[in-house]
Amino acid sequence: MSTPHLDAPRDDAHRPHLDALAEDRHPEQMPHRSMLFIPGSNAAMLSTAYIYGADAIMFDLEDGVALREKDTARLLVMQTLRSGLYAGVETVVRINPLDTPFGRLDLEAAVRAGADVIRLPKTETASDITELETAVEEIERACGREVGSTKLMAAIESAAGVVNAVAIATATPRLVSIALAGFDYVIDMRTTRGDGSELFYARCAVLHAARVAGIAAYDVVFSDVEDEAGFLAEVEVIRRLGFDGKSLVNPRQIDLLHNAYAPTQAELDHARLVVQAAERATEEGLGVVSLGGKMIDAPIIEAARRTLRYAAASGVRREPQGAQS
Ligand SMILES: CC(=O)SCCNC(=O)CCNC(=O)[C@H](O)C(C)(C)COP(=O)(O)OP(=O)(O)OC[C@H]1O[C@@H](n2cnc3c(N)ncnc32)[C@H](O)[C@@H]1OP(=O)(O)O
Ligand SMILES: O=C([O-])CC(=O)C(=O)O
Ligand SMILES: [Mg+2]
């Protein structure tokens with residue numbers, strides 16, 4: 001099967017002058033749309049996946065790796081992190097839970113090799129995160145990594161995790177994002193994946209927790225990589241709810257997701273006008289900003305800046321073939 005977007009040059013024609021307009025390029029202000037899972041035991045995927053353009057790459061040591069391959073996967077991921085191949089991408093390592101025989105070994109390897117973020121699966125309580133933080137700090141001190149430089153993220157995979165989502169999301173400033181993990185969650189809830197109604201409460205709870213904490217929120221993986229329409233329908237739901245993005249299992253899903261999060265040309269044009277009007281008002285020392293006779297307030301300016309950031313990251317939305325006028 002072919003690998004779309006592998007050889008395609010980045011299409012910068014959609015991105016004129018946007019970098020200058022998206023004024024804040026600090027990593028915390030950048031979109032967190034896509035986090036691509038790579039099984040840590042798959043050497044071929046590890047050696048090529050930096051080319052796909054995901055916002056973050058997640059090297060998996062947990063459920064995507066067979067028991068007999070746990071040690072090999074840990075070594076492979078460590079070597080990959082040290083290789084420098086992923087220098088331009090946010091690197092995330094999903095470790096095994098700390099109460100398994102592999103968790104501490106995974107953590108030690110990931111922190112020492114310089115992972116940007118540790119993803120803790122099956123997080124159920126705030127103390128799961130504070131315990132992780134204590135262990136990370138010990139390793140940072142032991143290996144000379146700056147204390148606090150390893151960020152954390154929590155994956156919520158159970159009813160307990162959902163109920164404790166706010167406490168988890170606010171457990172430490174090291175926590176930069178939170179993800180809902182649908183497969184384990186529906187098992188815990190004694191249901192199955194369906195039309196999305198089975199995830200509605202959990203999605204809202206995780207999302208509200210993320211917003212209270214001021215961190216990014218990732219939605220569940222969509223496992224049928226052949227079902228493009230189903231994937232896009234799910235993306236539209238989670239984008240409308242307010243998720244920053246999704247965990248992904250296949251490179252083909254990256255561009256579909258980024259395009260769905262890109263603003264339309266009309267949204268971009270409006271955002272530019274709003275930001276320009278706001279900047280003019282600041283220069284002229286005016287307290288109130290007006291555009292076309294309408295007052296523009298802070299939330300509108302913030303939304304416009306967010307639109308520019310998304311456009312800077314992925315250009316203007318391409319409509320599906322046949323939908324263009
Ligand atoms: C519930 C959970 O815990 S989910 C998390 C654990 N699961 C995972 O990590 C699954 C990761 N994904 C995969 O293994 C695969 O994408 C599958 C099994 C879902 C689909 O496999 P395929 O149908 O073979 O994928 P596809 O045909 O699109 O592969 C095309 C190319 O993309 C590569 N590729 C596929 N998935 C990935 C990935 N996640 N990361 C990097 N490269 C990938 C393939 O190696 C292949 O490369 P090649 O053309 O150089 O040979
Ligand atoms: O963490 C994820 O996104 C995938 C996962 O483990 C799950 O759905 O159970
Ligand atoms: Mg899981």
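Note that the structure is a prediction, hence the values are computed from the model and not measured.

Trainee: Go over the nonpolar core, please, and point to the residues and values.
Mentor: If you look at the biggest cluster of nonpolar residues, it comprises 65 residues, and the most contacted ones within it are Ile 57, Phe 59, Val 93, Leu 107, Ile 118, Leu 132 and Ile 178. Contacts of Leu 132, omitting those with residues within four sequence positions, involve Ile 95, Leu 98, Leu 107, Ile 118, Leu 120 and Leu 152. Formed by 14 residues, the second largest nonpolar core is a distinct cluster that contains Ala 277, Val 289, Ala 304 and Ala 311.

Trainee: Help me get a handle on the side chain of Asp 106, residues and values and all.
Mentor: Topologically, Asp 106 is positioned in helix H4 (residues 103-112). Residue classification places Asp 106 among the buried residues on the basis of a relative accessible area of 1%. A polar contact of 2.7 Å, which involves the side chain of Asp 106, links it to the side chain of Asn 96. Not counting chain neighbours up to four residues away, the residues in contact with Asp 106 comprise Leu 61, Arg 74, Ile 95 and Asn 96.

Trainee: Quick one: what's the story with the site of ligand 2, residue by residue and with numbers?
Mentor: Every residue close to ligand 2 is listed here: Phe 37, Arg 94, Arg 119, Glu 157, Ala 181, Gly 182, Phe 183, Asp 184, Val 221 and Ser 247. Residue Arg 94 places a side-chain N or O atom 2.8 Å away from an oxygen atom belonging to ligand 2. Residue Gly 182 places a main-chain N or O atom 3.1 Å away from an oxygen atom belonging to ligand 2. The element contributing the most residues to the shell around ligand 2 is helix H8 (residues 182-188), with three residues. Classifying every residue of the shell around ligand 2 by side-chain character gives four nonpolar, two polar and four charged.

Trainee: So, the UniProt feature "binding site: substrate" (unreviewed entry) in the chain: which residues are in play, and what are the values?
Mentor: This chain's UniProt record puts "binding site: substrate" (unreviewed entry) on Arg 94 and Glu 157. Considering the C-alpha atoms alone, the annotated residues occupy 64 residues of sequence yet fold into one spot, their largest mutual distance being 13.5 Å. Exposure remark for Arg 94: the relative accessible area of 9% places this residue in the buried category. For Arg 94, the contacting residues outside a window of four places in its chain are Phe 37, Met 58, Phe 59, Asp 60, Leu 61, Glu 62, Asp 63, Gly 64, Arg 119, Pro 121 and Glu 157. Checked against the element boundaries, Glu 157 lands in the loop between strand S5 (151-156) and helix H6 (159-163).

Rules used throughout
Residues numbered from 1 in each chain as written. Chains lettered and ligands numbered in written order. Predicted model: local features only at pLDDT ≥ 70, side-chain atom pairs only at ≥ 80, totals over all residues. Heavy atoms only, no water. Core = buried A, V, L, I, M, F, W, Y, C linked by side-chain atoms within 4.5 Å. Buried < 20%, exposed > 50% of the residue type's maximum accessible area, 1.4 Å probe, protein only. Contact = heavy atoms within 4.5 Å. Helix = DSSP H or I, 4+ residues; strand = E, 2+ residues; numbered from the N terminus. Polar contact = N/O pair within 3.5 Å; in protein donor to acceptor, adjacent residues only side chain to side chain. Near = heavy atom within 4 Å. Nonpolar A, V, L, I, M, F, W, Y, C, P; charged D, E, K, R; others polar. UniProt positions renumbered as here; feature names shortened; annotations may be inferred.

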